[in-house]
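Breakdown of the fold
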Amino acid sequence: MNAVRPIAVAAALLCAAGCVTSSDVQKLQSQISELQDQLAQVKRTASSKEEVQSVNQRIADQTQSLLKSNGTLVAKVGEIEEKMSNTQGSIEQTNYRLDKLGQQLTQQQHDIDDLKAAAARAAAAAAAATQPPAVVQPGTAVTPTGGQVTVTPSSGEDPVQVYQSAYRDYQRGNYDLAIAGFKEFIARNPSSDLADNAAYWVGESLFSQKKYREAIQQFDSVVTKYPQSDKVPGALLKKGYAYIATNEKAKGIVQLQYVVHEHPTSQEAALARQKLKQLGVETK
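Because the structure is a prediction, the values reported are computed rather than measured. (Residues numbered from 1 in each chain as written. Predicted model: local features only at pLDDT ≥ 70, side-chain atom pairs only at ≥ 80, totals over all residues. Heavy atoms only, no water.)

Below, the discussion takes up the overall build of the protein chain. Secondary structure summary: the protein chain contains nine helices and two strands in total. Of the regular secondary structure in the protein chain, the N- to C-terminal order runs α-α-β-β-α-α-α-α-α-α-α. Considering only contacts within the protein chain whose residues lie at least 6 apart along the sequence, 53% involve residues at least 24 apart. Here the protein chain has roughly 18,300 Å² of accessible surface; of this, 55% comes from carbon and sulfur atoms. (Helix = DSSP H or I, 4+ residues; strand = E, 2+ residues; numbered from the N terminus. Contact = heavy atoms within 4.5 Å. Areas by Shrake-Rupley, 256 points an atom, 1.4 Å probe, with all protein chains shown as cover.)

Another aspect to go through is helix H8 (residues 249-262). Relative to the 20 Å expected for 14 residues at 1.5 Å per residue, H8 spans 20 Å between its end C-alpha atoms, a close match to the ideal helical length. Those residues of H8 that fall on the buried side of the exposure criterion are Gly252, Ile253, Gln255, Leu256, Val259 and Val260. In a view along the axis of H8, the buried residues occupy a sector of 160°, so they form one face of it. Relative to its buried face, H8 has exposed residues pointing more than 90 degrees away, namely Ala250, Val254 and His261. The elements touched by buried residues of H8 are helix H7 (232-245) and helix H9 (267-278). (Expected span 1.5 Å × (residues − 1). Buried < 20%, exposed > 50% of the residue type's maximum accessible area, 1.4 Å probe, protein only. Arc of directions from axis to C-beta.)

Let us now look at the nonpolar core. Formed by 41 residues in total, the largest nonpolar core has its most connected members in Tyr163, Phe182, Trp201, Leu237 and Leu256. Contributions of two or more residues to this core are made by helix H3 (159-172), helix H4 (175-188), helix H5 (195-208), helix H6 (212-225), H7, H8 and H9. Beyond its immediate chain neighbours, meaning those up to four positions away, phenylalanine 182 contacts Tyr163, Ala166, Tyr167, Tyr170, Ala198, Trp201 and Val202. (Core = buried A, V, L, I, M, F, W, Y, C linked by side-chain atoms within 4.5 Å.)

On to the pattern of salt bridges. Counted under the stated rule, the structure contains five salt bridges. Among the salt bridges present, the one from glutamate 184 reaches arginine 188, with a minimum N-O distance of 3.0 Å. Separated by four residues within a single helix, glutamate 184 and arginine 188 lie in helix H4, roughly one turn from each other. A salt bridge links arginine 213 to glutamate 248; its shortest N-O distance comes to 2.5 Å. You can see arginine 213 sitting in helix H6 and its partner glutamate 248 sitting in the loop between H7 and H8, a full 35 residues away along the chain. The network of salt bridges with common partners includes Arg213, Glu248 and Lys251. (Salt bridge = Lys/Arg side-chain N within 4 Å of Asp/Glu carboxyl O.)

Right, let's get into the packing of aromatic side chains. With the rule as written, the count across this model stands at nine aromatic pairs. These aromatic residues form a ring-pair network of at least three members: Tyr167, Tyr170, Tyr175, Tyr200, Trp201 and Phe219. Of note, lysine 238 hangs over the ring of phenylalanine 207, and the distance from its end group to the ring centre comes to 4.3 Å. (Phe/Tyr/Trp six-rings, centres within 6.5 Å; stacked < 30°, edge-to-face > 60°. Lys NZ or Arg CZ within 6 Å of the ring centre and 35° of its normal.)

For the rest of this paragraph, the subject is unusual backbone geometry. Not every positive phi belongs to a glycine, and lysine 210 is a case in point at roughly 65°. Along the chain, the position of lysine 210 falls in the loop between H5 and H6. A relative accessible area of 61% places lysine 210 in the exposed class. Of note, the phi angle at asparagine 247 is positive, near 65°, even though the residue is not glycine. By the element assignment, asparagine 247 lies in the loop between H7 and H8. Using a relative accessible area of 72% as the deciding quantity, one classes asparagine 247 as exposed.

Glancing now at the environment of tyrosine 212. By the element assignment, tyrosine 212 lies in helix H6. Taking the relative accessible area as the measure of exposure, tyrosine 212 reaches 16% and is therefore buried. On a C-alpha basis, the gap between tyrosine 212 and lysine 238 in space is 9.6 Å, while along the polypeptide they are 26 residues apart. Ignoring any residue separated from it by four or fewer positions in sequence, one finds tyrosine 212 in contact with Phe207, Ala242, Ala245 and Thr246.

For the rest of this paragraph, the subject is H7. Taking 1.5 Å of rise per residue, 14 residues should cover 20 Å, and H7 covers 20 Å from first to last C-alpha, within 8% of that figure. One or two steps after H7, the chain reaches asparagine 247, where phi turns positive at roughly 65°.

Per-residue confidence for the protein chain gives a mean pLDDT of 77, with 66% of residues at or over 70. Scored below 50 in pLDDT, residues 132-155 shows 20 contacts in the model against residues more than four places distant or in partner chains. (pLDDT = per-residue confidence, 0-100.)

Next comes the structure, spelled out in structure tokens:
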């Protein structure tokens, strides 16, 4: 509006001087109109700039708020993921302990049965030794029915007690003593019905010491030397566990699947299925 006033004043002076034509007045009025339009446009532009600046400021404020909220959200998600990871780790450890406990209970039941059978045979042999002497070959004794049974020369220590002593050492966590005891038992009684059990518990002792490579070799020897033993499923199962513990997951899975396939009704097969499920492997 300030720019229009000088032109209006000039027009008034020209009119007053009497030396302006109607054409000049029209041109002057046209210029005034154009200036008025330009001034209005300037006002609109200035107003638009202020609005744009205001909008930009609001956008900046909202962006900052969103970034702050996003940072908080990311931190919370990180905390949740960490808690989930810790929980998963605890679940896996619990499952592992349950697997191991189930395996130990199964093997202990087998050993109790074997010990009862061995004790019964020892009692029968002792009863046979009390029978009246008969003319027999050296190294044999007469049975109550008149037959003959081979008698292992006494070393002054009951083999069953040697076995039980080694097994107690295993239960107490004295794995080196347990290994030595079981190996001594096997060396003195290689044909005993408990020899396969002793060989198996050597492997268990090595496994408990996290000597997984040695444990695998020991479990292999159980399967090779005593293929008809009831310890074979357990040896195969723990061999699979040992492979998994050494990060040889594929070999471990194959071993567990073999247990399920070859011994489907055994307790070891149930444990193998459970472990395979934890590893994301489906079994029939």
